[in-house]
Amino acid sequence: MAYGKSQLHKRREDKRLVTGRGNYVDDISLPRMAHAAMVYSDVAHGHLLSIDVAKAAQCDGVIAILTGSDCAQDGIKGIRPRYLPQMFGFGEALPIERPALVTDKVRHVGDRVAMVIAETRAQAEAAAAEVIVHVDPLPAAISLQAAIDGVGAPVHEARPNNMAYDLTMGDVDACEKAFAQAHSTHSITYEHPRMTANSMETRGGVGVYDDVEDLYTLHTTTQNPHVVRTELANMALGIKESQLRVLTDDVGGGFGMKTSTFPEDSLVLWAAKRVGRPVKWICNRRDSLRTDEHGRGSQGKVEIALDEDAKILAMRSYFQQDVGAYMVGAGPMPLIHTARLVPGVYNVPIVDVRGAAYYTNLPTTVPFRGAGRPEGIFGIEQALDKAARDLGISPVDIRRRNFIQPDQMPHQTKVNFTYDTGEFEALMDSCIEKSDWAGFEARKAADAEQGLLRGRGIGLYIHDTGSMNDQAEVSFNPSGTVTVVSGTTDTGQGHKTTFANQVAGRLGIDPANIRVIQGDTEKVSFGRGSFASRSTTMVGSAIELACDQIIEKGKFFAAMEFEVDVETVTFDTETGVFSDRNSNKSMTISEVANLSYRPYVPITDRIGLSAVGAFKQISPSFPNGCHVAEVVIDPETGETKIDRYTVVDDLGNMLNPMICEGQIHGAIANGFGESFIEQIVSDAETGDMISRNFGTYAMPRATDLPNIDADFRPVPCTTNPGGFKGAGEGGTVGSISTLKHAVLDAMSPYGVSDIAKPMTPERIWATLQNSKGH
């Protein structure tokens, strides 16, 4: 039996998870474990005057109440941003800390003020409700536009205009000249409201302190344990990294939100040391909505200049990003990605791209599925749709005239990306055919007879995946079984299935004999975690290199056993057998592994058959795809149904197409939520969160989506050894513009040319009622 690439292996994780045998942070129960509850600010902006804990301290079961003054006394500090824009050649931002517990000033509703520790979670939460926080309010900037306009007192005194940083790319003078000479120009403006990940498992942590060894252990829900260890040790706790072990087992979703190091991570460790007991904290859903890092929260304008053949001469754009009260983790990246992806799959010879990020008195924003890439692709796709409507040409035709062609690869964009591969026109044609494009008019006419409006949208996307460097270890045990040690963290993607099958395919062994270890900084020497669709492109590539080394080492051991020159030994990846081409001598790789552990066998670089693969991707991989959606709107109610959805993706070489398709489905569901129903809403005066639960924050349901017809047209990536391209975010990157295009097409008989997101039934109904075509 052959194991390996492009096989539809079922996920080995699923049986355990769907039968309730997953092990999440809230499942952890340790002897003498205490429980914590947080006290959050209910004021968006103001000076912290005092914290009255007297009544709370008398509540049943209370062990301790910790405040910012206690943090200062014990030297517990905040966390600075992981990345700053100046690291990437953009405007300078200040490394402002987000405090573990506030000592002087609250900057958003949900800022951490105190932690209550008690015998039970219920007792901790009851006591936390009795803590009285006195704040002298300051005027607040409760929206991006308010921060831009200078409403309220500055969020940070060091940035009196609230601007965190800015960026510029391109050639301003050349762009101005191109626009002046253009046959036509077309512009769109848009806003991407705030949304939140709402991961199935809320954030949580269990802190443990060993006073004998002076060691800390954190069980947490992070996407990147090693980075959390580094930041907690070096920034928050002031200890050696070797004193801290960070563990994740099952993580119930992340979507970028769980890449940050949160104040609660350091607080449970510090609290465990203070009270001499393990301390568990689990975020409830209400607090999750107001204290998790949010996503999106941006607005922008994109303009394109066209010649007489509707080919793009130049593009200029300006984007503004709300980073919230603190810029944390990878907070600068969404704006940077937006700016770098706005040309999309099109040949844009001149650009003028600018952007600015602003502090607001709202919770922080960080990369959320797509991390600014959906906003950039949305901009160029919507601008092309606007131009097609203005010029009276088809949305397909205008795209066809502007595609980057395969013979132009590698293609250097004007925003410093180099696309290595892409067959965008062929991809679009494949998606059009698969979507039954020709049958649309008949379906539209049939709906019209029922008083319904049918619209169709098309959109193409591209985005960068794979970043920095990473490593993986592949080791045979003497019995012939294999252990793979990965620095990525599975938050639902199916790494144990994917990486086991990859190794099985390269080494010709049964994936059932392969164990994958991840999520433990004591067992995994180092890893950068899972984000930005990087797991397969980075760790998968490292595994490819490790397997190459193992095969070469195996040839050495086999040659020694065969008593032949190593050059005559071959390896069959289908059967996992080493053979001497000049004789009938052969050994399975499991037999070679056993040989490699014998006491008197010469050593290559270590005992046993094992290797560490390390990979740095000099240039990202660029997954891309085409989406076609058809929606049906009831003009009497504004209710919108997605009736048909087709997507054809180029994900390069795929280790498991079934898992890739599942990622596409989930990402499109994210795109649906953002397009139609999801939005974090705060009171414009107080900053208090209106979106407090699932009654006021809508989430996609299975019934909201049709059967998604997904297919692949892969072109292998040339910048990593496996030919991989990331799969986790493209469905979101491509769907948001496609769905809006479909809705506007359906509403076009009413003369509607734009509508804000989310496109709720109420908003669609009101737009139709107020349109000139009504």
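Residues numbered from 1 in each chain as written. Predicted model: local features only at pLDDT ≥ 70, side-chain atom pairs only at ≥ 80, totals over all residues. Heavy atoms only, no water.

**Focus: the packing of helix H16 (residues 535–562) against helix H17 (residues 589–596)**
Between H16 and H17, whose axes approach to 9 Å, the crossing angle comes to 75 degrees. By the angle class used here, H16 and H17 are roughly perpendicular. The segment H16 lies against H17, with Ile 550, Gly 554, Phe 557, Ala 558, Met 560 and Glu 561 engaging Ile 589, Val 592, Leu 595 and Ser 596. Residue classes in the contact of H16 with H17 are distributed as seven nonpolar, two polar and one charged. (Axes fitted to C-alpha atoms, helices over the stretch in contact; angles between N-to-C directions. Helix = DSSP H or I, 4+ residues; strand = E, 2+ residues; numbered from the N terminus. Parallel < 35°, antiparallel > 145°, perpendicular 65-115°, else oblique. Contact = heavy atoms within 4.5 Å. Nonpolar A, V, L, I, M, F, W, Y, C, P; charged D, E, K, R; others polar.)

**Details of the nonpolar core**
The biggest cluster of nonpolar side chains holds 101 residues, and the ones touching the most others in it are Tyr 165, Met 315, Tyr 346 and Val 353. It is helix H19 (residues 730–747) that contributes the most residues to this core, eight residues altogether. In contact with Tyr 165, other than residues within four places in its own chain, are Pro 85, Gly 91, Glu 92, Ala 93, Met 327, Pro 332, Leu 335, Ile 336, Ala 356 and Ala 357. Core analysis: the next-biggest nonpolar cluster, separate from the first, contains 37 residues, Val 484, Phe 499, Ile 543 and Cys 547 among them. (Core = buried A, V, L, I, M, F, W, Y, C linked by side-chain atoms within 4.5 Å. Buried < 20%, exposed > 50% of the residue type's maximum accessible area, 1.4 Å probe, protein only.)

**Points about a negative patch on the surface**
Residues Asp 210, Asp 211, Glu 213 and Asp 214 make up a contiguous surface patch of negative charge. With respect to the element layout, Asp 211 can be found in the loop between strand E9 (204–210) and strand E10 (215–220). The exposed category is assigned to Asp 211, whose relative accessible area is 61%. (Patch = residues over 30% accessible without salt bridge, like charges linked within 9 Å, V, L, I, M, F, W, Y side chains within 5 Å. Areas by Shrake-Rupley, 256 points an atom, 1.4 Å probe, with all protein chains shown as cover. Salt bridge = Lys/Arg side-chain N within 4 Å of Asp/Glu carboxyl O. Lys, Arg positive; Asp, Glu negative; His and termini not counted. Charge placed at Lys NZ, Arg CZ, Asp CG, Glu CD.)

**Remarks on unusual backbone geometry**
That bond from Met 409 to Pro 410 is cis: its omega, -5 degrees, falls within 30 degrees of zero. Residue Pro 758 is reached from Lys 757 by a cis peptide bond, and omega for that bond is -10 degrees. Structurally, Pro 758 can be placed in the loop between H19 and helix H20 (761–769). Despite not being glycine, Asp 436 has its phi angle at roughly 55 degrees, a positive value. Tracing the backbone through its elements, the reader meets Asp 436 in the loop between helix H13 (424–434) and helix H14 (440–449). A residue is classified by how much of its surface remains accessible, and Asp 436, at 34% relative accessible area, is partly exposed. The phi dihedral of Glu 563 is positive, around 60 degrees, even though this residue is not glycine.

**Here we look at the confidence of the model for the protein**
If pLDDT is low for a region, its predicted coordinates should not be looked at in detail. Scored by pLDDT, the protein comes out at a mean of 94, with 98% of its residues at no less than 70. Confidence drops under pLDDT 50 across residues 1–6; counting only partners more than four residues distant or on other chains, this segment forms 20 contacts. (pLDDT = per-residue confidence, 0-100.)

**Some remarks on the sheet that holds strand E27 (residues 640–650)**
Taken in spatial order, the four strands line up as E18-E26-E27-E28 in an open sheet, and their pairing is mixed. If you trace the sheet from one side to the other, it starts and ends with strand E18 (453–462) and strand E28 (708–712), each paired once. Neighbouring strand axes in the sheet, compared pairwise and without regard to direction, differ in orientation by 10 degrees on average. Sheet topology note: the E18/strand E26 (residues 624–633) ladder contains 10 bridges and is antiparallel. (Pairing = 2+ DSSP bridges.)

**What about the state of the cysteines?**
Throughout the structure, instances matching the rule amount to zero disulfides. Of all cysteine sulfurs, the one in Cys 717 lies closest to Cys 660, which takes part in no disulfide; the gap is 14 Å. (Disulfide = S-S within 2.5 Å.)

**Considering the environment of Gln 769**
Tracing the chain through its elements places Gln 769 in helix H20. Between the C-alpha atom of Gln 769 and that of Glu 293, which follows or precedes it by 476 residues, the distance is 37 Å.

**Some details on the pattern of salt bridges**
Per the counting criterion, the structure on display carries 52 salt bridges. Between Glu 97 and Arg 80 there is a salt bridge, with the nearest N and O atoms lying 4.0 Å from each other. Of the two residues, Glu 97 sits in the loop between helix H3 (68–74) and strand E4 (105–106) while Arg 80 sits in the loop between H3 and E4, which places them 17 residues apart along the sequence. Classification of Arg 80 by relative accessible area gives partly exposed; the value is 33%. For the salt bridge of Arg 399 with Glu 381, the shortest nitrogen-to-oxygen distance reads 2.7 Å. Highlighted residues: Arg 399 in helix H12 (residues 395–400) and Glu 381 in helix H11 (residues 373–391), separated in sequence by 18 residues. A relative accessible area of 0% places Arg 399 in the buried class.

**As for the sheet that holds strand E25 (residues 610–616)**
Strand order in the open sheet formed by four strands is E21-E20-E19-E25, with mixed pairing between adjacent strands. Every interior strand has two partners, whereas the edge strands, strand E21 (514–517) and E25, have only one. Adjacent strand axes in the sheet meet at a mean angle of 15 degrees, parallel and antiparallel pairs treated alike. Here four bridges tie strand E20 (residues 482–486) to E21, and the two strands are oriented parallel to one another. Among the inter-strand pairings, Val 484 is bridged to a residue of E21, identified as Val 516. Helix H15 (residues 495–507) contacts strand E19 (469–476), E20 and E21 of the sheet and is inclined by roughly 135 degrees relative to E21. H16 rests against E19, E20 and E25 of the sheet, and its axis sits at about 140 degrees to E25.

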